[in-house]
Amino acid sequence: MTAYLPALIWSLSAFACLFIAKRRSLKITAVNAVLVTFLGPLAIPFVLAAKPGKRTLA
């Protein structure tokens, strides 16, 4: 069970990054997805530091 714990933390952080990026209306590209995959939990500060996009009132 402990062998799966790092993989679980890695995948939960990827979902957290995706959620934060959507809430901040950041453009999600394939390059961003690959970076999140490789950086894992370290990607969350990068997503928080990214400049948010323009919000539309649709």
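Our subject is the structure that appears above.
Predicted, not measured: the structure shown is a model, and the values here were computed from it.

> Looking at this model, I keep getting lost on the nonpolar core. Mind explaining?
Where a protein is soluble and globular, its nonpolar side chains tend to be buried together. Listed in full, the six residues of the largest apolar core are Cys-17, Ala-21, Leu-26, Val-36, Ala-43 and Val-47. Listed by contribution, the elements that provide at least two residues to this core are α1 (5–23) and α3 (43–49). Among residues more than four places away in sequence, those in contact with Val-47 are Cys-17, Ile-20, Ala-21, Arg-24 and Leu-26.

> When you look at the environment of Val-36 in this model, what are you seeing that I'm missing?
Within the secondary structure, Val-36 sits in helix α2 (residues 30–39). For Val-36, a relative accessible area of 16% translates into the label buried. Taking the C-alpha atoms as reference points, Val-36 and Ser-11, 25 residues apart in sequence, are found 9.7 Å from one another. Contacts of Val-36, omitting those with residues within four sequence positions, involve Ala-14, Cys-17 and Ala-43.

> Just to check I follow, could you spell out the side chain of Ser-13 for this structure?
Counting through the fold element by element, Ser-13 comes out in helix α1. Among residues more than four places away in sequence, those in contact with Ser-13 are Gly-40, Pro-41 and Ile-44.

About the criteria used
- Residues numbered from 1 in each chain as written.
- Predicted model: local features only at pLDDT ≥ 70, side-chain atom pairs only at ≥ 80, totals over all residues.
- Heavy atoms only, no water.
- Core = buried A, V, L, I, M, F, W, Y, C linked by side-chain atoms within 4.5 Å.
- Buried < 20%, exposed > 50% of the residue type's maximum accessible area, 1.4 Å probe, protein only.
- Helix = DSSP H or I, 4+ residues; strand = E, 2+ residues; numbered from the N terminus.
- Contact = heavy atoms within 4.5 Å.

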